[in-house]
Amino acid sequence: MTNPLRKRLQAGKTCVNGWSLLPSSFAVEFMAKVGWDSITVDIQHGLHDYRSAAECFQAMTGYPVTPLVRVPWNEPGIIGKVLDAGAWGIICPMINTAEDAKALVRASLYPPAGERSNGPIRAGGYGVPGAYQGFANEEVLILPQIETAQAVENLEAILDVPGVSGVYVGPSDLGFSMGLPPILDREEPEILAIYERVLAAAAARGKFTGIQNLTPAYAARMAQMGFGIVTVSSDVELLAFSAYTAVNATRAAAGERAAP
């Protein structure tokens, strides 16, 4: 069995990634229906825990969407658990050195390439029974986050770690580490130059790239720039924006009767 997202990336196609902060399989099921190539369950800054992540993977079943997870930290326990639950890829925050990346790979891959413990309680259902352990190492995406100045300094060394599938840029923390405001959809020339460096270094090694974005327009711009995985907003931000638009459109159309 192949990882659908990896297959799409290998074909050179852009992957439009949704982002789940709400620990609700009901919400993720509705997200899965609308056409995302993948949805990332965020256990780092989202409200998810392991159980809600597993329930969200179940909610995605039956839809052509690949489940990913951003783990809270580079810690083997949670990395192994979410892979066992059915995640096809790991986005890991604050990978700053090649040694950090090596630890991430060890936690994500089965022996002899890594030290992941055997027990794919749900992922074992991928493909025919008993086959998962034979293809997991080749199909799971391992994406260290590049989100600090130190990580940028060590970018090439991180990409050169065997088992690393590519890198995922976190613009907010990246700018923050450089003394800039912690925002997405950045325009600073020094940040855009880093993006170019990430793309060039990854392309030279045949590795994948991803980036967090706020708006569809900026995500499309990053796709045109060359990023393979472009995240668009999050379920919370999309909900808030839709609600804000509805409330204000109603007030504007109703006039004085609906004024606050």
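Note: the structure precedes this text.
Report follows, based on the coordinates. From a predicted model like this one, the values you see are computed outputs, not experimental measurements.

### A closer look at the layout of surface pockets
And then number 1: Size it by volume and the largest pocket reaches roughly 330 Å³.
And then number 2: Around the largest pocket, the lining comprises 18 residues; the ones closest to its centre are His45, Arg70, Ser172, Leu184 and Gln212.
And then number 3: Looking at the lining of the largest pocket, the elements with two or more residues in it are strand S6 (166–169) and helix H9 (171–177).
And then number 4: When residues of the lining of the largest pocket are assigned to their parent elements, the largest contribution, three residues, is made by H9.
And then number 5: Here the residues of the lining of the largest pocket sort into six nonpolar, eight polar and four charged.

### Looking at the packing of aromatic side chains
And then number 1: Summed over the entire model, instances satisfying the criterion amount to eight aromatic pairs.
And then number 2: Where Phe26 meets Phe30, the ring centres are 5.0 Å apart and the plane angle is 55 degrees; that geometry is what we call tilted. Of this pair, Phe26 and Phe30 are both found in helix H2 (residues 25–32), four residues apart, which corresponds to roughly one turn of the helix.
And then number 3: For Phe26, a relative accessible area of 57% gives the class exposed.
And then number 4: On the basis of relative accessible area, Phe30 is assigned to the partly exposed category, the value being 45%.

### What to know about unusual backbone geometry
And then number 1: Cis geometry is found at the peptide bond from Pro111 to Pro112, where omega equals 5 degrees.
And then number 2: One can find Pro112 in the loop between helix H5 (98–108) and helix H6 (132–139).
And then number 3: Located in the positive-phi region is Asp185, a residue other than glycine, with phi close to 50 degrees.
And then number 4: As for its placement among the helices and strands, Asp185 is situated in the loop between H9 and helix H10 (189–205).
And then number 5: Looking at Asp185, the relative accessible area reads 16%, which means it is buried.
And then number 6: Backbone geometry places Ser233, a non-glycine residue, at a positive phi of 55 degrees.
And then number 7: Positionally, Ser233 belongs in the loop between strand S8 (229–232) and helix H12 (235–254).
And then number 8: Classification of Ser233 as buried rests on a relative accessible area of 5%.

Reading guide: rules and limits
- Residues numbered from 1 in each chain as written.
- Predicted model: local features only at pLDDT ≥ 70, side-chain atom pairs only at ≥ 80, totals over all residues.
- Heavy atoms only, no water.
- 1 Å grid on protein atoms, 1.4 Å probe; cavity = no way out; pocket = protein on both sides within 12 Å on 5 of 7 lines; lining within 4 Å.
- Points joined across faces, edges and corners; volume = space filled by probe spheres on them.
- Helix = DSSP H or I, 4+ residues; strand = E, 2+ residues; numbered from the N terminus.
- Nonpolar A, V, L, I, M, F, W, Y, C, P; charged D, E, K, R; others polar.
- Phe/Tyr/Trp six-rings, centres within 6.5 Å; stacked < 30°, edge-to-face > 60°.
- Buried < 20%, exposed > 50% of the residue type's maximum accessible area, 1.4 Å probe, protein only.

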